[in-house]
Amino acid sequence: MATETQGPQGFEAALTRKPEAVAEFTQRRSPVQQARHLLHQTPSLVPLIVLVVSISIFGALLGQKFFSAFTLTLILQQVAIVGIVGAAQTLVVLTAGIDLSVGAIMVLSSVVMGQFTFRYGIPAPLSVLCGLGVGAAIGFVNGTLVARMKLPPFIVTLGMWQIVLAANFLYSRNETIRSQDIAAEAQILQFFGSTFRIGADEAGRGGAVFTYGAVLLIVLVLLIAYVLRQTAWGRHVYAVGDDPEAAELAGVQTKTVLVTVYTLSGLICALAGWVMIGRLGSVSPTAGQFANIESITAVVIGGISLFGGRGSVLGMLFGALIVGVFSLGLKLMGTDPQWTYLLIGILIIAAVAVDQWIRKAAA
Amino acid sequence: MEPILKARGLVKRYGRVTALNNCDFDLYPGEILAVIGDNGAGKSSLIKALSGAIRVDEGTIELDGKPMNFASPLNAREAGIETVYQNLALSPALSIADNMFLGREIRKPGIMGRWFRALDRAAMEHKAREKLTELGLMTIQNIGQAVETLSGGQRQGVAVARAAAFGSKVVIMDEPTAALGVKESRRVLELILDVKRRGLPIVLISHNMPHVFEVADRVHVHRLGQRLCVIDPRRHSMSDAVALMTGAMAPEQLNEFA
């Protein structure tokens, strides 16, 4: 009975030709499709092109004034803080989250580093460690709320932003620690503000000027790029951002990944707080108010998808540099600074439009 | 012969709904056992219990005669039970090799692996290629390409290859042909038979009766949270199976016809 059901069914008779054709991969692509495929595989390419083009345009318009080692490294100095916070933001955005508390964590950490040194007389290096610890701890709370309590990252970090900022003003009693005092008693706090020059003339003018903060930015971005590409944890960050359920079923410990991502984000923001003391010289509880918006801008212009799982930290660096190039370039041209914001706004929308277009290559 | 995977008296309740009602299950070495049942019969709960995705309220699961207590799919995997989920559990943006080794990556030997935790890409790609070739899927040219660039059948192939590569005891496949076209289904059925030829027993959950009757050695009919009966697809027809599944026929009536 019913033996006729064994083997392929009648309607499949047409399949007698080798069925492996299912797994063929030679597809003819138009040049546009090829470009899209390339961009899909190397998401940091778009911001790199935009960066090179904008440097060329400003270089052509302004000549030596812009296209010099001094000016270009000045841009790097100016984006150091946004870039470092952007690196933290990158990690969170790759998991399809968002961290609105980055700026607040940065400020509170810098205040802790300053106040622990000056109010309690704790040795400065120890205070720095305390500041880094505070940043990581806040990040850990964010991560726990997102991963274990299943609260939306936007809400968690929106709340944390207010909490941390208020704690920052209450704890610091709104007082600023003066630059001279820090320079006299706790120089290590200003470490990332100190500079060295390469290729300066004999009077010590011109040439490339680097702050240690700028160096930290480069080192940190390269380190994170390595971790995201070459370690299991990095691959898991992408997998969680891509499809958390699939990642969980495939054996990724999604909760652990999320908690470590937010903790690391907090730690990196605290590092940015240390760099900020170097940049400002002083410790001010009112500094860095726009760091969260600026870091999200760098991430978006850098081609990292807010839907998670796509993009690279190098793209974020290029995104931050694009903003820096526009700001300084337009300032040197003497235009109204509002033009900078207007152009950045256009870039943000264009970047998301490009992201959507590239995503279609997947389909 | 002793069953390789055996469950006795499984009970799973969700509030007032009883999804598994004192359910038994047996899978013998080297066979393809199909599990069929109407929607809501409790097939998914049974499979989830076997693959560690849910914990049962009562009952025992034995693998190779040893009692098992799975707290998560990871436990089941470590015990040698691999599951191909209906949604495949692949990360679209990651490469084929990355997906196959997700959660059990190989690290480089020496300092790079231990201190810098660097992945051994070459080893993973080599192994992935080897597995795909074994299953005749090596028309997939570039092991580094993202899974989202693959067709539905190819993705299914990657998921099956992953299970076959790591499953040492049992492979569970949940609706492997549900989302596929005729041609791609045929390829996946061949894959399933390939895996069986390599000696791995397979639990196949499917709604597609022709597919079930083509590849299964035995058919477990699930009804109202229980194993209603196990039939031999060579001795019974598809309409018998459907009648059993829906309750139009009682298992006792089967023997009269058989």
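Scoring rules and cut-offs
In this numbering scheme, every chain counts its residues from 1 along its sequence in written order. Written order decides the labels, with chains lettered from A and ligands numbered from 1. Where local features are concerned, this predicted model is filtered to residues with pLDDT of at least 70; where side-chain atom pairs are given and counted, the filter is 80 or more; whole-chain, interface and lining totals use all residues. Heavy atoms from the whole structure form the basis of all side-chain values; hydrogens and water molecules are not counted. With axes taken as lines fitted to C-alpha atoms, and helix axes fitted only over the stretch in contact, angles between N-to-C directions fall between 0 and 180 degrees. By the criteria applied, helices consist of DSSP H or I runs no shorter than four residues and strands consist of E runs no shorter than two, each listed in order from the N terminus. What sets the label is the angle itself: under 35 degrees gives roughly parallel, over 145 gives roughly antiparallel, 65 to 115 gives roughly perpendicular, and the rest give oblique. Helix crossings fall into two classes, left-handed where the near helix is turned counterclockwise from the far one by less than a right angle and right-handed where it is turned clockwise. The contact criterion used is simple: two residues touch if any of their non-hydrogen atoms lie within 4.5 Å. Polar here means any residue other than Ala, Val, Leu, Ile, Met, Phe, Trp, Tyr, Cys and Pro, which are nonpolar, and Asp, Glu, Lys and Arg, which are charged; Gly is therefore polar. Values of pLDDT, the confidence the predictor places in each residue, fall between 0 and 100. Two cysteine sulfur atoms form a disulfide, by the criterion used here, when they sit within 2.5 Å. Each residue's exposure class comes from its accessible area (1.4 Å probe, protein chains only) as a fraction of the maximum for that residue type: buried when under 20%, exposed when over 50%, partly exposed otherwise. Strands are labelled as partners when DSSP assigns at least two bridges between them.

### A word on the packing of helix H2 (residues 45–62) of chain A against helix H13 (residues 313–332) of chain A
Residue and element names in this part refer to chain A. Between H2 and H13, the least distance of the axes is 9 Å, while the angle of their chain directions is 20°. As far as their axial angle goes, H13 and H2 are roughly parallel. Here H2 and H13 pass one another in a crossing that is left-handed. Across the interface between the two elements, Pro47, Leu48, Val50, Leu51, Ser54, Ile55, Phe58 and Leu62 from H2 touch Gly315, Phe318, Gly319, Leu321, Ile322, Val325, Phe326, Gly329, Leu330 and Leu332 from H13. Tallied by class, residues from the contact of H2 with H13 come to 14 nonpolar, four polar and no charged.

### Points about the confidence of the model for chain B
Residue and element names in this part refer to chain B. The pLDDT averaged across chain B works out to 86; a share of 97% of its residues lies at or above 70. Ranking the helices and strands of chain B by mean pLDDT puts strand E8 (residues 202–205) first, with 93, and helix H10 (residues 251–257) last, with 64. Here the prediction assigns the complex a pTM of 0.86, and the interface score ipTM is 0.82.

### What to know about the state of the cysteines
Here the structure, examined in full by the defined rule, presents zero disulfides over all chains. Cysteine A:Cys269 is unpaired, with the sulfur of A:Cys130 as its nearest cysteine sulfur at 18 Å. The thiol sulfur of B:Cys23 is not disulfide-bonded, and the nearest other cysteine sulfur, from B:Cys229, lies at 12 Å. We classify B:Cys23 as buried; its relative accessible area is 0%.

### Description of the sheet that holds strand E2 (residues 17–27) of chain B
All names here are of chain B. The antiparallel open sheet is built from four strands, whose spatial order is E2-E1-E4-E5. Where the open sheet ends on each side, the last strands, each with one partner, are E2 and strand E5 (66–68). Ignoring strand direction, the axes of neighbouring strands in this sheet form an average angle of 30°. Across five bridges, strand E1 (residues 5–14) lies against strand E4 (residues 58–63) in antiparallel orientation. The partner of Ala7 across the bridge, within E4, is Ile61. Of the strands in this sheet, E1, E2 and E4 are in contact with helix H1 (residues 43–51), which crosses E2 at around 60°.

### Regarding the sheet that holds strand E3 (residues 32–37) of chain B
Residue and element names in this part refer to chain B. Taken together, six strands build an open sheet; the order of strands is E6-E7-E8-E3-E9-E10 and the sheet is mixed. Either end of the sheet is taken by a strand with one partner, and the two such strands are strand E6 (81–84) and strand E10 (226–231). Between one strand axis and the next, the sheet turns through 20° on average, direction left out of account. As paired elements, E3 and strand E9 (residues 218–223) share five bridges and run parallel to each other. Note on E9: the bridge partner recorded for Gly37 is His222. Helix-sheet contacts for helix H6 (residues 152–166) involve E6 and strand E7 (170–174), and the interaxial angle to E6 is about 175°. Along the sheet, helix H9 (residues 238–246) contacts E3, E9 and E10; its crossing angle with E9, the most-contacted strand, is approximately 25°.

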